[in-house]
Amino acid sequence: MFSESFLWGGAIAANQAEGAWNVDGRGPAKTDVTTGGSVKEPRYVTYVDKDGNPGKVAHGRPLPEGASYAILEDCYYPNHDGIDFYHRYKEDIALFAGMGFKMFRMSISWSRLYPHGDEETPNEKGVEFYRNVFKECQKYGIEPLVTIWHFDTPLYLEENYGGWNNRRLIGFYERFARTCFTEYKGLVKYWLTFNEINNTVMMLDLFGNEAGDAEYQAGYQQLHYQFVASARAVQIGHETDPDNMIGCMICGITFYPGTCDPEDILLNRHSWERGIFYCGDVQCKGKYPTFAKRLWAEHKVNLDITEQDLKELKNGCVDMYTFSYYMSSVVSTHKAQETVSGNFTAGAKNPYLQYSDWGWAFDPKGLRYYLEMIYDRYEKPIMVVENGLGAYDKIEEDGSIHDSYRIDYHREHIKEMANAIDNGVDLIGYTTWGCIDLVSAGTGEMRKRYGFIYVDKDDEGNGTYDRRKKDSYYWYKKVIESRGTEL
Ligand code: BGP
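About the criteria used
Positions within a chain are numbered from 1, following the residues in the order the chain's sequence is written. The model is predicted, so local features are restricted to residues of pLDDT at least 70 and side-chain atom pairs to those at 80 or more, both for listing and for counting; the totals for chains, interfaces and linings are taken over all residues. No hydrogens and no water enter the side-chain calculation; it runs on all heavy atoms of the structure. Only runs of H or I of at least four residues qualify as helices and only runs of E of at least two qualify as strands under DSSP, and these elements are numbered from the N terminus. Throughout, radius of gyration means the C-alpha value; the globule benchmark is 2.2 Å times the number of residues raised to the power 0.38. Here's how the labels work: a residue is buried when its accessible area is under 20% of the maximum for its type, exposed when over 50%, partly exposed in between, all with a 1.4 Å probe on protein chains only. Pairs of residues are marked as contacts when any of their non-hydrogen atoms sit within 4.5 Å. Here the open area of atoms and residues is found with the Shrake-Rupley method and a 1.4 Å probe, where only the protein chains shown may cover a residue. Charged-residue counts in this description rest on Lys and Arg as positive and Asp and Glu as negative, His and the chain ends being excluded. For this purpose, a charge sits on NZ of Lys, CZ of Arg, CG of Asp or CD of Glu. We call two strands paired when DSSP finds no fewer than two bridges between them. We call a residue near a molecule or strand as soon as one heavy atom of that residue lies within 4 Å of the molecule or strand. Under this definition, polar contacts are N or O atom pairs within 3.5 Å; protein pairs additionally need one hydrogen-donor-capable and one acceptor-capable atom, and for neighbouring residues in sequence, both atoms have to be side-chain atoms. By the convention adopted, Pro, Cys, Tyr, Trp, Phe, Met, Ile, Leu, Val and Ala count as nonpolar, Lys, Arg, Asp and Glu as charged, and the other residues, Gly among them, as polar. Bear in mind that the domain bounds are from an automatic or database domain assignment. Salt bridge, as used here: a side-chain nitrogen of Lys or Arg that lies within 4 Å of a carboxyl oxygen of Asp or Glu. Expected helix span is taken as 1.5 Å per residue step, with the number of steps being one fewer than the number of residues. Only buried residues count toward a nonpolar core. Its members are Ala, Val, Leu, Ile, Met, Phe, Trp, Tyr and Cys residues joined through side-chain atoms within 4.5 Å. In this analysis, rings of Phe, Tyr and Trp, with Trp reduced to its six-membered ring, are considered paired at centre separations within 6.5 Å, and the interplanar angle assigns stacked below 30 degrees, edge-to-face beyond 60, and tilted for intermediate values. A positively charged side chain is recorded as over a ring if its NZ (Lys) or CZ (Arg) lies within 6 Å of the ring centre. The angle to the ring normal must also be within 35 degrees.

Description of the overall build of the protein
Point 1. Per the secondary structure count, the protein includes 14 helices and 17 strands.
Point 2. Scaling as 2.2 N^0.38, a compact globule of 487 residues should have a C-alpha radius of gyration of about 23 Å, and the protein matches this with 21 Å.
Point 3. When the backbone C-alpha atoms are referred to their principal axes, the protein occupies close to 55 × 55 × 45 Å.
Point 4. Looking at the protein as a whole, 60% of its 487 residues qualify as buried.
Point 5. Across the protein, contacts joining residues at least 24 apart in sequence account for 74% of those joining residues at least 6 apart.
Point 6. Counting only carbon and sulfur atoms, one obtains 48% of the accessible surface of the protein, whose full area is about 19400 Å².
Point 7. Here the protein contributes 53 positively and 72 negatively charged side chains, and the mean placements of these two sets differ by 3 Å.

As C-alpha cells, then:
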C-alpha cells in the first residue's frame, strides 16, 4: 500500500526539455553538439578536425586527436529547442498540478548557471530562471526533486579541461552545487547529485571490444572524480540545510542469468557488481566495495585516489537511493539466439518478456526484484525517479490520444512497487520518466514519446509545440487521487 505522503510525480531533464540553448547567457553543453538519431542510426557528436574539416563521431566515442566540438550547418540538433520548457514552464507545471503531482523531478543546466563552468560567479539570469520554476511548483504544493548533473557538463569544460578526466572538475562542480543549495534553500529539499552515474562504465561495456583498457582507465577515473564531487555536494547540501535529502541516481537494470550454468550464475552476480553495486556502494556506504580491485584489475586500471578523497567519500554518503528503471537484461556465457538493446545495455532476448518498438524489455517484476534487492543492501529510503514506455503515439481525428499501452506499462509497474512496499521496502516516491514528451536522450527522437502530455514537435523540429492531454493523463490523475488503489 502507498502511504499518504508517497511522492507521486514525473520527471524531465534540462537538456531534453528546456531548449533556449543559447538564451539569457547560457553556454553550450555537449548535448548541444549532439545530432538527432533514430533506433537504427546513432546520435553523433560533431566537430571540426585540426585542418578545419567537419566530421562526426558516434555519441560516446572519443573525438579524433586535435579536433574541436562544432555545430555544423547541415546537422539537426534536437536539444537546442527541446520542448521549449524554458518559455512554457508555467503552462507545463499547471498541467502537472492538474494530475495532482506531489513531486516534479527536473535538472539544472550547469551551463545556464555557469556558461563556461569555471567562472567565479553565476549567471544571474540562469539563477533566476530556476527560482521562478521552483516558485511555480511551490504555488501548487509540488516538491521539486532536482538533479544537479544530468549528462550536461559545459562544453567549455570538456574542451579546455578534458571534462571529467580532470580532477579540477570536482572543484567546479562543487561551486555549481553550492550555488544550487544556497540559492534555492527553502524552495528545494530533494536533490540528486549525478544522473545515472553508473553509465560511464556501462556504456564502455556496450561498445564491447571497441573500448580498450585505456578507455576503462579513463571511465573509472572519471567516475572516481564524480564520486568525490558527489560526496562534496552531499556535505555542502547538509551544511546549507540539514533538511536536505540528497540521493544518488543509478541506471537500474535487473540482470538475469541466461541459463542455470554456474558460469552464468557467477557472470550474473558480477554484472550486478560491476553495473549496479559498484556505484551504489560508494555513494551509499562511503567506500569502495571489496570487488572493486578485481574490476580494476580486469582492465589494468590504476586510479588517482588520495587519502583525502577517501575521507570525502566517507563523509558524503547519500540519504536515499534513487534509480531509473526501464527493463531487465539477460547475461550469459552462452551464445544468444537473438539479442536486444536497452538503456545502456544489450543482451540476450528473454523469451518470457515483451519488447517495445525500441527493443526495451517490459518487465515489471524486474522492478520489484530490483527494489527488494537494493533495499536489503542499503536500507535507505528509495525512489524510482524514472520509469516509462517510449512509444509511437497517434492523434485521432478528434484530437484525442489513446495510449492504453502506456497506461498498461505504468499500471503493472505500480502494482509491483506496491508489492515491494508490502515486502518491507521503504519506497517513498515515483516520478515517471518524460511525464511530458521530450527529446530522447538515446536517439534524439521526439517520436519516442513517454509523456502523459503530448508535445506537437517532430523529429525535424517542426510543430507548434502545443501541449495536449493523452488518455494516460486522466488515468494517472486518478491513480494519484486514489493513492495507487485505482489502477
Ligand atoms: C535515461 C536518462 C533519461 C532518459 C531515459 C530514457 O537513461 O536518464 O535522460 O532519456 O533514459 O531514455 P531514452 O530517452 O533514450 O529513451
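Anyway, onward from the coordinates.
A look at the sheet that holds strand S2 (residues 44–48)
Point 1. Here 3 strands make up an open sheet; going across it, the order is S3-S2-S4 and the pairing antiparallel. Looking at which strands have only one partner, the edges of the open sheet turn out to be strand S3 (54–58) and strand S4 (68–69).

Structural notes on the site of the ligand
Point 1. The full set close to the ligand counts 16 residues, and Gln 16, Glu 196, Ala 441, Lys 448 and Tyr 450 are the nearest of them.
Point 2. Separating an oxygen atom of the ligand from a side-chain N or O atom of His 150 is a distance of 2.8 Å.
Point 3. Between an oxygen atom of the ligand and a side-chain N or O atom of Glu 386, the distance comes to 2.8 Å.
Point 4. For the shell around the ligand, the class distribution of residues is 7 nonpolar, 6 polar and 3 charged.

Examining the domain arrangement of the protein
Point 1. Each assigned domain of the protein is listed here: domain 1 (7–29 + 81–481) and domain 2 (37–75).
Point 2. Relative to domain 2, the C-alpha centre of domain 1 lies at a distance of 25 Å.
Point 3. Taken together, the 17 residues of domain 1 in the interface contact 11 residues of domain 2.
Point 4. Between the two partners, domain 1 and domain 2, sit 1 salt bridge.
Point 5. The partner of Glu 215 in a salt bridge is Arg 61, and the shortest N-O contact between them spans 3.0 Å.
Point 6. On the surface where domain 1 and domain 2 come into contact, there are 5 residue pairs in polar contact (both at pLDDT 80 or more).
Point 7. Its residues assigned to classes, the side of domain 1 that touches domain 2 shows 7 nonpolar, 4 polar and 6 charged.

Here we look at the pairing of strand S1 (residues 7–11)
The two faces of the sheet receive side chains in turn, since in a regular strand these alternate between them.
Point 1. Judged by how many residues are buried, S1 sits mostly within the fold: 5 of 5 residues are covered.
Point 2. Burial along S1 is two-sided: Leu 7, Gly 9 and Ala 11 and Trp 8 and Gly 10, pointing in opposite directions, are all buried.
Point 3. Looking at chain direction, S1 and strand S15 (residues 427–433) are connected through 5 bridges and run parallel. Paired with Trp 8 across the two strands is Tyr 430, which belongs to S15.
Point 4. Note: S1 against strand S5 (residues 103–107), 3 bridges, orientation parallel. Residue pairing for S5: Gly 9 is matched across the bridge by Met 103.

With respect to the side chain of Ser 230
Point 1. Looking at where Ser 230 falls in the secondary structure, it is placed in helix H8 (residues 213–240).
Point 2. Every residue in contact with Ser 230, bar those within four places of it in the chain, is listed here: Tyr 173, Thr 193, Phe 194 and Gln 283.

Overview of the side chain of Thr 46
Point 1. Within the secondary structure, Thr 46 sits in strand S2.
Point 2. Residue classification places Thr 46 among the buried positions, given a relative accessible area of 0%.
Point 3. There is a polar contact of 2.5 Å between the side chain of Thr 46 and the backbone oxygen of Ala 70.
Point 4. Here the side chain of Thr 46 touches Tyr 77 through a polar contact of 2.8 Å, side chain to side chain.
Point 5. Other than its neighbours up to four places away in sequence, Thr 46 contacts Val 33, Thr 35, Gly 55, Lys 56, Tyr 69, Ala 70, Ile 71, Leu 72, Cys 75 and Tyr 77.

Quick notes on helix H2 (residues 85–99)
Point 1. Compared with an ideal rise of 1.5 Å per residue, which puts 15 residues at 21 Å, H2 spans 18 Å between its outermost C-alpha atoms and falls more than 12% short.
Point 2. For H2, every residue scored as buried is listed here: Phe 85, Tyr 86, Tyr 89, Asp 92, Ile 93, Leu 95, Phe 96 and Met 99.
Point 3. Following H2 by one or two positions, Gly 100 adopts a phi angle in the positive range, close to 90°.

Regarding unusual backbone geometry
Point 1. Although it is not a glycine, Asp 24 adopts a positive phi angle of roughly 55°.
Point 2. Relative to the helices and strands, Asp 24 resides in the loop between helix H1 (14–17) and S2.

Notes on the nonpolar core
Point 1. In this structure, Tyr 173, Tyr 278 and Tyr 321 are the most contacted members of the largest nonpolar core, which totals 135 residues.
Point 2. Among the elements that line this core, the one with the most residues is H8, at 11 residues.
Point 3. With 11 residues, the next largest nonpolar core counts Leu 192, Met 249, Val 385 and Ile 428 among its residues.

Topic: the pairing of strand S9 (residues 320–331)
Point 1. For S9, the buried fraction is high: 12 of the 12 residues fall into the buried class.
Point 2. Alignment of strand S8 (residues 245–257) against S9, held across 11 bridges, turns out to be parallel. Across the sheet, the residue bridging to Gly 247 is Met 320, located in S9.
Point 3. Alignment of S9 against strand S14 (residues 382–386), held across 4 bridges, turns out to be parallel. Across the sheet, the residue bridging to Phe 323 is Val 384, located in S14.

Here we look at the packing of aromatic side chains
Point 1. The tally for this structure, following the rule as stated, stands at 46 aromatic pairs.
Point 2. Measuring from centroid to centroid gives 6.0 Å for Phe 227 and Tyr 278, while their planes differ by 50°, and the two rings are tilted. Residue Phe 227 is located in helix H8, and its partner Tyr 278 is located in helix H9 (residues 262–285); the two are separated by 51 residues in the primary sequence.
Point 3. Lying across the ring of Phe 129, Arg 112 places its NZ or CZ 5.7 Å from the centre.
Point 4. Over the ring of Trp 360 we find Lys 448; its NZ or CZ atom is 3.7 Å from the centre of that ring.

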